[in-house]
Amino acid sequence: MIVVSRESGKKVGSEPRVGVFVCHCGTNIAGFTDIKSLVEYASKQPGVVFATDYTYMCSEPGQELIRKSIKKHKLNRVIVASCSPRMHEPTFRKVAESADLNPFLVEMANIREQCSWVHMHQPEEATIKAKALIGSAIAKARLLEPLESAEFTVEPSALIIGGGIAGIQTSLDLAEKGFKVYLVEKTPSIGGHMAQLDKTFPTLDCSACILTPKMVDVGRHPNITLLTYSEVKAVEGFIGNFKVTVTKKARYIDEEACTGCGICAQKCPIKVPNEFEVGLGTRKAVYIPFPQAVPTTHTIDKEHCLFLTKGVCKICEKMCPAHAIRFDQKDEDIEIKVGTIIIATGYDLYDAKKKPQYGYGVYKNVITGLEFERLINAAGPTGGKLLRPSDSKPPKSVAFLQCVGSRDANANRYCSRVCCMASLKHAHQIKEKHPDAEVSIFYMDLRCFGKGYEEFYERTQNEGVRAVRARVAEIYEDPETKNLQLRFEDTLQAEIMTAEFDMVVLATAIEPALDTSAIQKLLKLSLSADGFFLEAHPKLRPVETTVAGVYLCGVAQGPKDIPDAVAQASGAASQAAIPLITGKVSIEPITAFVDEDLCSGCGICEDLCPYSAIEIKELDDGKRKSEINEALCKGCGVCGAACPSGAISMKGFTDKQIRAQIDALTASEVA
Amino acid sequence: MKKFAFFLGCITPLRYPGIEIATRQVMKQFDIGLLDMDGASCCPAPGVFGSFDLWNWLLIGARNLSIAEKLDADITLVCNGYATLQEVNHLLEDEEKRDRVNDVLGKIGRRYSGSTKVRHCVELLAEDIGLEKIKSKITNPLKGLKVGVHYGCHYLKPSKVRLHESPEAPDHLDKIVESLGAESVPYREKLMCCGAGGGVRAGNIDEALDFTLEKVQNMKDAGVDCILTPCAFCHYQFDTGQIELKKKEKWNTPIPVIFVTQLVGLALGMSPKSLGLYEHHISPKYIDKLGLKLGKTKKSSSPTDEAVASC
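About the cut-offs
Residues numbered from 1 in each chain as written. Chains lettered and ligands numbered in written order. Predicted model: local features only at pLDDT ≥ 70, side-chain atom pairs only at ≥ 80, totals over all residues. Heavy atoms only, no water. Helix = DSSP H or I, 4+ residues; strand = E, 2+ residues; numbered from the N terminus. Rg over C-alpha atoms; globule rule 2.2 N^0.38 Å. Buried < 20%, exposed > 50% of the residue type's maximum accessible area, 1.4 Å probe, protein only. Contact = heavy atoms within 4.5 Å. Lys, Arg positive; Asp, Glu negative; His and termini not counted. Charge placed at Lys NZ, Arg CZ, Asp CG, Glu CD. Buried area = accessible area lost by both parts, 1.4 Å probe. Salt bridge = Lys/Arg side-chain N within 4 Å of Asp/Glu carboxyl O. Polar contact = N/O pair within 3.5 Å; in protein donor to acceptor, adjacent residues only side chain to side chain. Nonpolar A, V, L, I, M, F, W, Y, C, P; charged D, E, K, R; others polar. Core = buried A, V, L, I, M, F, W, Y, C linked by side-chain atoms within 4.5 Å. Domains from an automatic or database assignment. Pairing = 2+ DSSP bridges. Axes fitted to C-alpha atoms, helices over the stretch in contact; angles between N-to-C directions. pLDDT = per-residue confidence, 0-100. Patch = residues over 30% accessible without salt bridge, like charges linked within 9 Å, V, L, I, M, F, W, Y side chains within 5 Å. Areas by Shrake-Rupley, 256 points an atom, 1.4 Å probe, with all protein chains shown as cover.

Notes on the overall build of chain B
Along its length, chain B carries 16 helices and 8 strands. Against the 2.2 N^0.38 benchmark of 19 Å for 311 residues, chain B shows a C-alpha radius of gyration of 19 Å, consistent with a compact globule. The principal-axis extents of the C-alpha atoms in chain B amount to approximately 55 × 45 × 35 Å. The 311 residues of chain B split such that 56% are buried. By sequence separation, contacts in chain B at least 24 residues apart represent 75% of the contacts at least 6 residues apart. Separation between the mean location of the 40 positive side-chain charges and that of the 39 negative ones in chain B comes to 5 Å.

Some remarks on the interface of chain A and chain B
Accessible area lost when the parts come together is the quantity often used to give the size of an interface. Contact residues are listed per partner, giving 6 residues for chain A and 10 residues for chain B. Together chain A and chain B conceal approximately 730 Å² of surface at their shared face, both sides included; 47% is due to carbon and sulfur atoms. The largest contributions to the chain A side of the interface with chain B come from Glu474(A), Tyr476(A) and Arg487(A), which together make up 59% of the buried area. For the pair chain A and chain B, the number of links is 2 salt bridges. Between Arg487(A) and Glu189(B) there is a salt bridge; the shortest N-O distance is 2.6 Å. The interface formed by chain A and chain B holds 5 residue pairs in polar contact (both at pLDDT 80 or more) in total. Those elements that place two or more of their residues in the side of chain A that touches chain B are strand 24 (474–477) and strand 25 (484–490) of chain A. Here the side of chain A that touches chain B is built from residues that sort into 2 nonpolar, 2 polar and 2 charged.

Quick word on the nonpolar core
The biggest cluster of nonpolar side chains holds 117 residues, and the ones touching the most others in it are Leu401(A), Phe442(A), Leu486(A) and Ile75(B). The element contributing the most residues to this core is helix 4 (residues 54–70) of chain B, with 7 residues. Looking at which domains feed residues into this core, each of domain 1 (2–120) and domain 2 (131–307) of chain B supplies at least three. In this structure Phe442(A) touches Ala399(A), Phe400(A), Leu401(A), Gln402(A), Val468(A), Ala470(A), Val472(A), Leu486(A), Phe488(A) and Phe501(A), once residues within four positions along its chain are discounted. Residues Ile165(A), Val218(A), Ala344(A) and Ala647(A) belong to the second largest nonpolar core, which totals 57 residues.

As for the pairing of strand 12 (residues 241–248) of chain A
Residue and element names in this part refer to chain A. Of all the 8 residues making up strand 12, 6 are buried; the element is thus mostly covered by neighbouring parts of the structure. Two elements, strand 11 (residues 230–238) and strand 12, share 8 bridges in a ladder whose sense is antiparallel. Residue pairing across strands places Gly237 opposite Phe242, the latter belonging to strand 12. Here strand 11 folds back onto strand 12, and the loop between the two strands holds 2 residues, one of which, Gly240, carries a positive phi near 90°. With 7 bridges joining them, strand 12 and strand 17 (residues 332–338) adopt antiparallel strand pairing. Following the sheet pairing, Val246 is matched in strand 17 by Ile334.

What about the sheet that holds strand 5 (residues 146–149) of chain B?
All names here are of chain B. Here 4 strands make up an open sheet; going across it, the order is 6-5-7-8 and the pairing parallel. Each edge of the sheet is formed by a strand with only one pairing partner; in this case those strands are strand 6 (183–184) and strand 8 (257–259). Strands in contact with helix 14 (residues 260–267) are strand 7 (226–229) and strand 8; relative to strand 8, the strand with the most contacts, it is inclined by about 85°.

Thoughts on the environment of Asp72(B)
Residues and elements named next belong to chain B. Take Asp72: it is sitting in the loop between helix 4 and strand 3 (74–77). The class for Asp72 is exposed, based on a relative accessible area of 72%. Residues Asp72 and Phe4, 68 residues apart in the sequence, show an inter-C-alpha distance of 8.9 Å.

Describing the pattern of salt bridges
Summed over the entire model, instances satisfying the criterion amount to 45 salt bridges over all chains. Of the charged contacts in the structure, one is a salt bridge between Arg283(A) and Glu275(A), with a shortest N-O distance of 2.8 Å. If you follow the salt bridges from partner to partner, you end up with Arg119(B), Glu123(B), Glu127(B) and Asp128(B) in one network.

Brief notes about the confidence of the model for chain B
On average, residues of chain B carry a pLDDT of 92, and 94% of them reach 70 or more. In the predicted assembly, ipTM is 0.71 and pTM is 0.80.

Comments concerning a nonpolar patch on the surface
Taken together, the side chains of Trp117(A), Val118(A) and Met120(A) make up a nonpolar region of the molecular surface, amounting to roughly 270 Å² of accessible area. Assignment of secondary structure puts Trp117(A) in the loop between helix 4 (112–116) and helix 5 (123–141).

A closer look at the sheet that holds strand 1 (residues 18–23) of chain A
Residue and element names in this part refer to chain A. A sheet is described by the order of its strands in space; here 4 strands give the open sequence 2-1-3-4, paired in parallel fashion. Two strands close off the open sheet at either side, each with one partner strand: strand 2 (48–54) and strand 4 (106–110). Averaged over neighbouring strand pairs, the angle between their axes works out to 15° when direction is ignored. Inspection of the sheet shows strand 1 paired to strand 2 by 6 bridges, in the parallel sense. Each residue of the ladder has a partner; that of Val20, found in strand 2, is Ala51. Contacts from helix 5 reach strand 1, strand 2, strand 3 (77–82) and strand 4 within the one sheet, and its direction differs from that of strand 4 by about 160°.

What follows is the structure, encoded as C-alpha cells:
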C-alpha cells in the first residue's frame, strides 16, 4: 500500500491500485449504456481494486465519493469514466490532489462525447464501446507516473492589442486594478469603429460623448503606456513572462514636443481621402484622424507627404511653433515584458463590391451602413445633413438591405448580430430628421435580442418605418434620375415586386480584422470556423484562449455590439488579472522529455517545434543534445513523433502508455 | 492554327444557320479552325433530359464528347448545348461515373477518357482571342449602336461548374460589344432568363413569353437598337417569341436580335447578308443606323451563298 503524494517523490513503489468511477451524467450516459455492466466489467480488470458509479461525478457528492474512496481503498490510480478531459479533467485532478494523490495519476475515459452521444440509437454497441474505452484507460493508468508542475513568477503588467472600445475598457480596468498596461494601436488614434459612429442603439447616446472621455482617461492614466501607430512584431515566452517586440512606426513628429495645435495640418498642401470618414471626406498628409483623437500628436503620412515622396515642401516644419517635426525619424522597435496579453483587434467590414448585383461602387447612391454613420454625423463631411451622394439632395426614400455578406452561403454563414439594430437606428435617425421620408428595411429576420432592442424596433415601426421580408435580388440605377430600382420577392406576400428608392444603405457583414491571421501566427492562437479568434470554451471560458496567459475581448472573438464588447472586455481584464494578482503560475507538466542517452543531437525536433521550445545544446564533451524548455513546451508531441532515435517521449503520453491503451482497445474480450 | 471541334447542336442548323456561318467566318479571321463533329447528336437538352434521366443524359453527352476527343480537339459551341456538354464533362471527371458510361459506349465501339474541354464561343472571343486582337481587325466600328446584352442562364450557371466569370457581374459580352465600338446599355433584370430554357417554352409557351416580354420591355425602356445573344436558343426565343407576342397583341415593337459572332462579323466588315442577318424574323433595322456600305439588302430565302463560299 503506497499512496503517492505530490511531495513524496516520483516513483510509484508498489502495484497499481486502480479505482474506476463511472458517471451517469444524468441520462447523458446512463440513458444509452448499461452502467451496471460497465462497473462490473471495470471491477474485473487487472489492477482495479474498486469500481462504482454515481449520477453526477463532477458534483460535490461525486467528488467526495472519489476522495473518500481514494483514502478507503488506498487507490493510487483514478479512472473517471465520464465526459471529455477538456471538460472535467482539471476538476478531477483537483479532487485527487485534495486526497493527497498526484493529480497526474488521474485518467479520463470519455464515454460521453465519444460514445453515448454519438451512439444514442445503438445502446448495446455503446455499452461495448464504453467498456473498451474504460479498459483502455485502465491499461494506460497502470503505467502512469506522478508528474510535478513547475512554478514561475509573473511580470505584473499586461499588453492590450487594439485600441477600440474593447481595448480601451480592458486597459482601463487593468490599470485601475493597479497593473502596468501597454496599449498598442496600429492607427494614429485610439477609439476604433465606435469613434466613427453617430449614435448608439437603443439609447441613442451620442457615441463620441460616451467614448471620448474614456479615450482621454486612457491617454492620461499613469499606469497606461499608450503606443499608437504601432504594431506588435514578435512575442516570445509564456504566461507570466512574455517578451514582446512592438514596432513604433515613424510619425515624423516628436510626440513629446507636439502640442496638437494643428497648424501643420492647416498649412499642409496635400489632401487625401480620410480613412476615418470612410473616404467621404479628406484629410491632409499631416493629420489627426478626427478632432477628438487620442493622442493629439499629429502623424505625417509618408505615402502622401510631398517632402517624403518628392523631397520638396517642408512647410509644416517651417510653421510648427513647437518645432516638433522630425523628418529623420525612423521606425523604432521597443521591447516590453508582460505577464498577460489581451487581444482586442476588432473587425473590418465585408466589401460590398463582392455583391455586384447591388451596384456598390458603381451606383453613387448605394452606400454602406458605416458611410451612413458619417453622413448623419454632425462632425461628418456633410455636417450631419443626410444628403445623397449623386446630387447632394436629401433623399425622400431610403432602403436598408440587411445581411449583405452575413447569413449567406456565398459569403459568411454567421449572423453579424449588430446590423438589424444598426439599420433600425439609421431608419429612426432619418425619420427624426425627415418624418415624411419613406424608409424600408429589407430583412430576413429582424433580430432585436438585447436589452431594450425589441422596444426600439417597435418604436421605429410606430414611426412608420416599413419592414419588408425580402432578400433583394438586384438593384438597377435609373440612368436619368440616379434613383435605384430594387427587385425582390416579398416572402410574406409571396409576390415579386419592384420598388424605387432615392438611396440604398447596405448593412455589410462584420468580418475578422484583416490582420487577424498575423496576430494568430504571432501568438499561436486558434481561429474558429468563422475566422474569428477561438475562445477556450464557448460557455465556461469565453475570454480565455487555448494559449495560457492570452485572453480575448470584443469583436476579435466574434461579432457583438458595444454593450457585449464592453462586458467582455471587463471580463477579460478580470481573467487576465488573476495571474498578475497571484504573482505566480504553474505550468502543466505534460511536456516533452529527452532521453539524453538516445539523443543524437540531429536537430530535427528543434526545426519542427511550433513553440520554439527546443534548443540543441552542445555539452562539455562536444556532443549535441536536444534540450526542452518546459515552460514553452505545450506537449503537442510533434518532436516525439519525428525523433528518429525515439529519444523524445511525452510525459503522461509515453509510447508504452499509448501502446497499452491501443492493445486494450483492440482486445476482443470486451464484446 | 488552333483547332476546335464545332458542336452545332439542333437549333443552329435547323433554324439559324446564320449563326453557324457567322461563327465560322469570324473564327477563321482569328486563325481558329473549326472541325466538323461527324455523327454528333442532340447534346441532349440540359434541363429536361438531365432532370428526367441523368444516366442517359450523361451517356449521350459522353458520346458527343468522345467524337471531339477522337478529333483530339476541345469543343466550342454557340448554344445551350454548352450547359450539357460542359457539365457532363465536369461530372465525368469522376472515374466511377466515367467507367459506367464507358461500359455502355464500349458496345458501340466508343470511349471517352475525359481529355476534351468544352469552351463557349464567347470564352474564345474574350479570353483566347482577346479584345485587343478583335479591335485590331475592326474595319467597321459600330459607333452609336446601342446593344442590349443578354447573358442568359446556361452560359453562367451553375456557377460552381462554369467558373469562367462571375455569375452576378459577368462582363465578357459587354466588353466584346464595347471593343467593337458599340455601347452595351444597362437595363433592368439584365441577368434574367429569356424564358425558353428548362422545357418552359415547350411546356408552357404563355409562361415563357411572359419572361420574354418582361425582358424586351426592360430593354426597350433602356432604348436598345438590338438584342445580343450568346445562345441559339435564347436567340430563337427573342426572335420568334417577339413575333408570337405581336400576334397575341402584347408587343408592338419587336427589337431585332443578333448573335455575338454576327455582331463581331459586322464590325470586321462582313456583309449583313453573309452573316445571315436577313434570315431572322425581325428585320435588322439597326443596319441603317450604322450606315454600313451594304451589298444586296433584299431578304433572301435561300441560305447565304456568299458566306458559304467564303468559309
